[in-house]
Protein chains: 2
Amino acid sequence: MVIGTMAFDALETPFGKVDRIIGGSATYAAWAASNFVHPIKQVSIIGGDFPEEELAALRERGVEFEGVDVIPDGKSFFWSGKYHMDMNTRDSLITDLNVLAQFDPKIPESYQDCDYIMLGNLVPAVQLQVLDQLQNKPKLIIMDTMNFWMDIAMDKLKEVLKRVDLIMVNDSEARQLSGEYSLVKAAKAIQAMGPKYIIIKKGEHGALLFYGDKIFSAPALPLEDVFDPTGAGDTFAGGFIGYLARTDDLSFSNMKVAVVIGSAMASFCVEKFGPTRMKELTAQDIEARVASFVDLMDVDIEISLAV
Amino acid sequence: MVIGTMAFDALETPFGKVDRIIGGSATYAAWAASNFVHPIKQVSIIGGDFPEEELAALRERGVEFEGVDVIPDGKSFFWSGKYHMDMNTRDSLITDLNVLAQFDPKIPESYQDCDYIMLGNLVPAVQLQVLDQLQNKPKLIIMDTMNFWMDIAMDKLKEVLKRVDLIMVNDSEARQLSGEYSLVKAAKAIQAMGPKYIIIKKGEHGALLFYGDKIFSAPALPLEDVFDPTGAGDTFAGGFIGYLARTDDLSFSNMKVAVVIGSAMASFCVEKFGPTRMKELTAQDIEARVASFVDLMDVDIEISLAV
């Protein structure tokens, strides 16, 4: 089950611009996860303007929409942003909530069998509303959030944190949430707030997975061109949880594999505007990309300093 | 053979300050390399103020000083810097060249058997002067440099680049040297200038090794506290080349191990002010730290997406 936005984006990067392309956290997550598992049960809200062919393309990949509110007279959430040369910083130009302002998620009965749940970046109160409706204890609940909610809704955010297994944040968000500069200390502080697992996403520098005292560091694939980073984090999350749902194995060793899978999916996402690249992927593409990650990390170390 | 500075530093970090501590690229490199190989043959210049006990401590580790000019009436190179909270940015407060202004390296006859050579960050003309004096072709010449030389001595720097096997730079230096933002493109452009191997150091984000079309990504160890990053790059270089000299194996697979060894040595360096931590290390400490890196990177991936 994926809870998040399905939206339109207008994007400008140093490499070009698009005025209107499909976006939203739940859209990216579903595209990524659909390579690994189905059905994927979406919870979102869209306006009558959301293209039927986009829904059909996702439906073909095993994505279900019973939990998606359609407001025929409403307009879908719209975000417009401009990236700087380093692709890590961006300016939000326009944020039109539109139908998202009235998002009141209802979890359908047919969704209650979901074992793997992704709470996309949303108002913490809405994330709580979803958690309150779950009748069974899922095997894994992961959440995303952002600095904005830390600024204006920290109390509610802390309530969400107590009830999830894993949180994904970027490095600056981890620092803000914990008040710690060292990411090791930040992860410990966030673990104390609830989630057993912390993933700290560092963009072109990879990702760190923390669990207890264990740390795993996954690299990002060095790319010739990063065309558009929009959706990379949601794509990471979708690949990560999709792979875990497919393998149904929550051991730390499998979690580490899932982090690499998520990183591989994100490395595709940034190659073209919006979810364009995600729609083209084949199983062979993904296997080859994962093999590139294996090469990138491969080292065989056995040292002895005895004289 | 290590060519570089032996100096005094005054350091201020968010965690404290020291007014006068031993520093210099050749000092850090020698401390790191001495865990793996000896003799280490230094080429540097110092004033009469350089403490005899520091030389004695290095001598005990197998470091030789025939190539070190001592100017009894002169003062050793002095650098003073202040680090900001992120520890990646710093202000140089004072740079007193002192005897370094008259550095005119003479390679002693007894150094001509060196197969592994580290050219520390120095005026490119001085690096060239060293290369001109080598009578035999070493197995490996590595070099360090900095943005300052790119600004004021790019032509000479390019001459050095043509004559070395490996260059180590940080990410912003790689971008400046190549004029490319993407590190993949930057590495290709720098390879075209001469060195077959490029190491891009990314501080807390680890390091990338490029060779032909191959890339290896080594993580940095996430640390609770980075106390003082001074000398971390030189310590990395010393650990890297020291391990290669010890194993005398220049295969790409051994180069990758050497990058991890260098990263492990750098992770010690930052734990205390100046080279303090480097002086305490035992073989057991190093083996345990390398094992932590192995854990940090360890993942066993075998995926098949066939349905």
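It should be emphasised that the depicted structure is a prediction, and the values quoted were computed from it without experimental measurement.

Draft legend 1. Quick peek at the packing of helix H3 (residues 124–133) of chain B against helix H5 (residues 154–162) of chain B. All names here are of chain B. Orientation of H3 relative to H5, taken along the N-to-C sense of each, is 30°, at an axis distance of 8 Å. As far as their axial angle goes, H5 and H3 are roughly parallel. Between H3 and H5 the crossing geometry is left-handed. For the pair formed by H3 and H5, the contact residues are Pro-124, Ala-125, Gln-127, Leu-128 and Leu-131 on the first element and Lys-156, Leu-157, Glu-159 and Val-160 on the second. For the contact of H3 with H5, the class distribution of residues is six nonpolar, one polar and two charged.

Draft legend 2. Molecular detail of the relation of the copies chain B and chain A. Each copy of the sequence occupies a distinct position, and chain B is placed on chain A by a rotation of 180° and an axial shift of 0.0 Å, giving an RMSD of 0.0 Å. Taken together, the rotation angle and the small translation identify this as a two-fold axis. Closest approach to the rotation axis within chain B is made by the C-alpha atom of His-205 of chain B, at a distance of 3.0 Å. A share of 100% of the interface residues of chain B reappears at the interface of chain A, consistent with the copies meeting face to face through the same patch.

Draft legend 3. The arrangement of the packing of helix H1 (residues 25–33) of chain A against helix H8 (residues 232–247) of chain A in detail. Residues and elements named next belong to chain A. Taken N-terminus to C-terminus, the directions of H1 and H8 make an angle of 40°; their axes are 7 Å apart at the nearest point. Classified by the angle their axes make, H1 and H8 are oblique. At the point where H1 passes H8, the crossing takes the right-handed sense. Taken together, the residues of H8 that come into contact with H1 (itself represented by Ser-25, Tyr-28, Ala-29, Ala-32 and Ala-33) are Asp-234, Thr-235, Gly-238, Gly-239 and Gly-242.

Draft legend 4. Quick look at the pairing of strand E11 (residues 197–201) of chain B. All names here are of chain B. With respect to burial, E11 is a largely interior element, five of its five residues being buried. Where burial is concerned, the two faces of E11 agree: the one with Tyr-197, Ile-199 and Lys-201 and the one with Ile-198 and Ile-200 are both buried. Pairing analysis gives five bridges linking strand E10 (residues 166–170) to E11, with the strands arranged parallel. Looking at the pairing, Ile-167 lines up with Ile-198 of E11. For E11 and strand E12 (residues 207–211), the ladder comprises five bridges, and the chain directions are antiparallel.

Draft legend 5. Structural detail: the interface of chain B and chain A. On the chain A side, the residues contacting the 46 residues of chain B number 46 residues. Together, the buried faces of chain B and chain A total about 4000 Å²; carbon and sulfur atoms form 61% of this surface. The salt bridge involving Asp-225 of chain A is made with Lys-185 of chain B; its shortest N-O contact spans 2.9 Å. Put simply, chain B and chain A have 18 residue pairs in polar contact (both at pLDDT 80 or more) between them.

Draft legend 6. Fine view of empty space enclosed by the protein. Residues and elements named next belong to chain B. One pass over the full model with this rule turns up one cavity of 30 Å³ or more. Volume-wise, the largest cavity comes out at about 40 Å³. Around the largest cavity, the lining residues are Met-1, Tyr-111, Gln-112, Cys-114, Ile-117, Leu-134, Gln-135, Asn-136 and Pro-138. Of the residues belonging to the lining of the largest cavity, the class tally is six nonpolar, three polar and no charged.

Draft legend 7. Layout of the sheet that holds strand E7 (residues 90–96) of chain B. Residue and element names in this part refer to chain B. Overall, mixed pairing links the four strands, which are arranged E3-E2-E6-E7 in an open sheet. A strand with exactly one partner marks an edge of an open sheet, and here the two such strands are strand E3 (16–23) and E7. Between one strand axis and the next, the sheet turns through 15° on average, direction left out of account. Inspection of the sheet shows strand E2 (residues 7–13) paired to E3 by six bridges, in the antiparallel sense. The partner of Leu-11 across the bridge, within E3, is Val-18.

Draft legend 8. View of the environment of Asp-144 of chain A. All names here are of chain A. Inspection of the secondary structure puts Asp-144 in strand E9 (residues 140–144). The exposure class assigned to Asp-144 is buried, which follows from its relative accessible area of 10%. What Asp-144 contacts, discounting residues up to four positions off in sequence, is Leu-119, Gly-120, Asn-121, Gln-127, Met-168, Lys-201 and Asp-234.

Draft legend 9. Region of interest: the pairing of strand E5 (residues 63–71) of chain B. Residue and element names in this part refer to chain B. Sheet topology note: the strand E4 (residues 40–47)/E5 ladder contains seven bridges and is parallel. Bridge pairing links Ile-46 to Val-70 in E5. Of the crossover connections in this fold, the one passing from E4 over helix H2 (residues 52–60) to the parallel E5 is right-handed.

Draft legend 10. Structural context of the packing of aromatic side chains. Residues and elements named next belong to chain B. Per the stated rule, a full pass over the model turns up 16 aromatic pairs over all chains. With a centroid separation of 5.8 Å and an interplanar angle of 20°, the aromatic rings of Phe-15 and Phe-227 are classed as stacked. In this pair, Phe-15 sits in the loop between E2 and E3 while Phe-227 sits in the loop between strand E13 (214–218) and helix H8 (232–247), placing the two residues 212 residues apart along the sequence. Accessibility expressed as a relative area gives 38% for Phe-15, which makes it partly exposed.

Draft legend 11. Local environment of the sheet that holds strand E10 (residues 166–170) of chain A. Residue and element names in this part refer to chain A. One open sheet holds the nine strands; their spatial order is E5-E4-E1-E8-E9-E10-E11-E12-E13, and the pairing between them is mixed. Two strands close off the open sheet at either side, each with one partner strand: strand E5 (63–71) and strand E13 (214–218). Examined bridge by bridge, strand E1 (residues 2–3) and strand E4 (residues 40–47) share two bridges and lie parallel to one another. Opposite Ile-3, over in E4, you have Val-43 as the bridge partner. Contacts between H1 and the sheet are confined to E1, E4, E5 and strand E8 (116–119), with E4 contributing the most and set at about 150° to the helix. Docked against the sheet, helix H2 (residues 52–60) engages E4 and E5, running at close to 155° with respect to E5.

Parameters and conventions
- Residues numbered from 1 in each chain as written.
- Chains lettered and ligands numbered in written order.
- Predicted model: local features only at pLDDT ≥ 70, side-chain atom pairs only at ≥ 80, totals over all residues.
- Heavy atoms only, no water.
- Axes fitted to C-alpha atoms, helices over the stretch in contact; angles between N-to-C directions.
- Helix = DSSP H or I, 4+ residues; strand = E, 2+ residues; numbered from the N terminus.
- Parallel < 35°, antiparallel > 145°, perpendicular 65-115°, else oblique.
- Left-handed = near helix turned anticlockwise from the far one by under 90°.
- Contact = heavy atoms within 4.5 Å.
- Nonpolar A, V, L, I, M, F, W, Y, C, P; charged D, E, K, R; others polar.
- Least-squares fit on C-alpha atoms with pLDDT ≥ 70 in both.
- Buried < 20%, exposed > 50% of the residue type's maximum accessible area, 1.4 Å probe, protein only.
- Pairing = 2+ DSSP bridges.
- Buried area = accessible area lost by both parts, 1.4 Å probe.
- Salt bridge = Lys/Arg side-chain N within 4 Å of Asp/Glu carboxyl O.
- Polar contact = N/O pair within 3.5 Å; in protein donor to acceptor, adjacent residues only side chain to side chain.
- 1 Å grid on protein atoms, 1.4 Å probe; cavity = no way out; pocket = protein on both sides within 12 Å on 5 of 7 lines; lining within 4 Å.
- Points joined across faces, edges and corners; volume = space filled by probe spheres on them.
- Right-handed = clockwise from strand over helix to strand, strands pointing away.
- Phe/Tyr/Trp six-rings, centres within 6.5 Å; stacked < 30°, edge-to-face > 60°.

Such coordinate-based values are descriptive only and should not be taken to indicate function.
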